[in-house]
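A structural walkthrough
What follows is each chain in one-letter form.
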Amino acid sequence: MPYVDRQNRICGFLDIEENENSGKFLRRYFILDTKEDSLVWYMDNPQNLPSGSPPVGAIKLTYISKVSDATKLRPKAEFCFVMNAGMRKYFLQANDQQDLVEWVNVLNKATKITVPKADSLSQNDNSNRPAENVGIKKQMSYRTDIVGGVPIITPTQKEDVNDGEGDKNYLKQSQSHPYYSAKHPPDNAVIKAGYCVKQGAVMKNWKRRYFQLDENTIGYFKSELDKEPLRIIPLKEVHKVQECKQSDIMMRDNLFEIVTTSRTFYVQADSPEDMHSWIKAISGAIVAQRGPGRSAASMRQARRLSNPCIQRYTSRTGECSMYVGSHVNLPS
């Protein structure tokens, strides 16, 4: 049975198939350390090994996407469960059914990504704010006009409690990240917002992010308290958004994909209803941006019609004739 040691780590013995698809299970001592964000296993309890003995294997918890019962996948391996990490499946054997259930529960709980509450973060921000900054007034610039011989002084900018952070939030777009931008324009109304889990572009690990959809862009942040998004995806670059057909291969439920010119973003919602809500909201925003007749099918038809040589049907004569038209530039 898994137990909690003096360092508040969950420990216990399991059998693991170290060589994938070998069918050979080896007895190992596992340590689940949520503070170090890792699951490591040793030949034996480290207390029984020479000091400084390295682990046999280790996995970062952020790479573990799902842990579930695998008795049907491996009927010959009793009390077997599977741990999906990246592109590999780790099969493990528990001591009994109760041991299996407890390990599956603690691993799924440990790999579940949580976001700190807004109250705790705002309290930390207030406590870390220097006392000497209180009461400092922002400098303002003014314009002086002479009207009828009377000087009129008016401020040239509005006083902002954020001390001009908004101007700093617009970063230059990078060549390597064509969709990287800093912040949503303030005049765009938010259509939908909420937390989802997305796959990274390089490491392929999954992280929980706060997504925000407006009439022109999709942006995602580390949390809802952040003012600067990690990335912005212009809706004009989105070809389609749909439920992911590879969800079974990627071992993710409620998975949908946002297909753009240079990359496909894989996003996991918290429920099937939430997934369909995101797909409907993003699709609706795209149609609204491109106009009522600018769906994907109509856009393809418009591109065909923009060919300089188009076959034209003459209703009066009932004959087809060729004419030369001009190219029409349509947003992709």
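Residues numbered from 1 in each chain as written. Predicted model: local features only at pLDDT ≥ 70, side-chain atom pairs only at ≥ 80, totals over all residues. Heavy atoms only, no water.

A few words now on the sheet that holds strand 16 (residues 255-260). One open sheet accounts for 7 strands, arranged 14-13-12-11-17-16-15; its pairing is antiparallel. This sheet does not close on itself; its edge strands, each paired only once, are strand 14 (231-234) and strand 15 (238-243). Between one strand axis and the next, the sheet turns through 30 degrees on average, direction left out of account. Judged from the 4 bridges that link them, strand 12 (residues 206-214) and strand 13 (residues 217-221) form a sheet pairing that is antiparallel. The residue bridging Phe-211 from the neighbouring strand is Tyr-220, located in strand 13. (Pairing = 2+ DSSP bridges. Helix = DSSP H or I, 4+ residues; strand = E, 2+ residues; numbered from the N terminus. Axes fitted to C-alpha atoms, helices over the stretch in contact; angles between N-to-C directions.)

In this section: the pattern of salt bridges. Taken as a whole and judged by the stated rule, the model has 7 salt bridges. For Glu-18, the salt bridge identified is with Arg-28, shortest N-O distance 2.9 Å. Linking Glu-18 in the loop between strand 2 (10-16) and strand 3 (26-33) with Arg-28 in strand 3, this pair joins segments that are 10 residues apart in sequence. For Glu-18, a relative accessible area of 22% translates into the label partly exposed. Owing to a relative accessible area of 9%, Arg-28 belongs among the buried residues under this scheme. Across the salt bridge formed by Arg-88 and Glu-20, the nearest N and O atoms sit 3.9 Å from each other. With Arg-88 in strand 8 (residues 88-93) and Glu-20 in the loop between strand 2 and strand 3, the pair connects residues that are 68 residues apart, well separated along the chain. Taking the relative accessible area as the measure of exposure, Glu-20 reaches 42% and is therefore partly exposed. (Salt bridge = Lys/Arg side-chain N within 4 Å of Asp/Glu carboxyl O. Buried < 20%, exposed > 50% of the residue type's maximum accessible area, 1.4 Å probe, protein only.)

Here the focus is the environment of Arg-74. Residue placement: Arg-74 occurs in the loop between strand 6 (64-69) and strand 7 (80-85). A sequence separation of 17 residues divides Arg-74 from Phe-91, and the C-alpha atoms of the two residues are 8.6 Å apart. For Arg-74, the contacting residues outside a window of four places in its chain are Glu-17, Asn-21, Phe-25, Cys-80 and Phe-91. (Contact = heavy atoms within 4.5 Å.)

Glancing now at the side chain of Asp-15. Looking at the element boundaries, Asp-15 is found in strand 2. Of the polar contacts made by the side chain of Asp-15, one reaches the side chain of Arg-27; its length is 3.3 Å. Beyond its immediate sequence surroundings of up to four residues, Asp-15 is in contact with Phe-25, Leu-26, Arg-27, Phe-91, Leu-92 and Gln-93. (Polar contact = N/O pair within 3.5 Å; in protein donor to acceptor, adjacent residues only side chain to side chain.)

The next subject is the confidence of the model for the protein. Summarising the model, the protein shows a mean pLDDT of 74, and 64% of its residues fall at 70 or more. Across residues 158-182, where pLDDT falls below 50, the model places 43 contacts with residues more than four positions away in sequence or in other chains. Confidence over residues 305-332 falls short of pLDDT 50; this stretch has 36 contacts with residues more than four positions distant or in other chains. (pLDDT = per-residue confidence, 0-100.)

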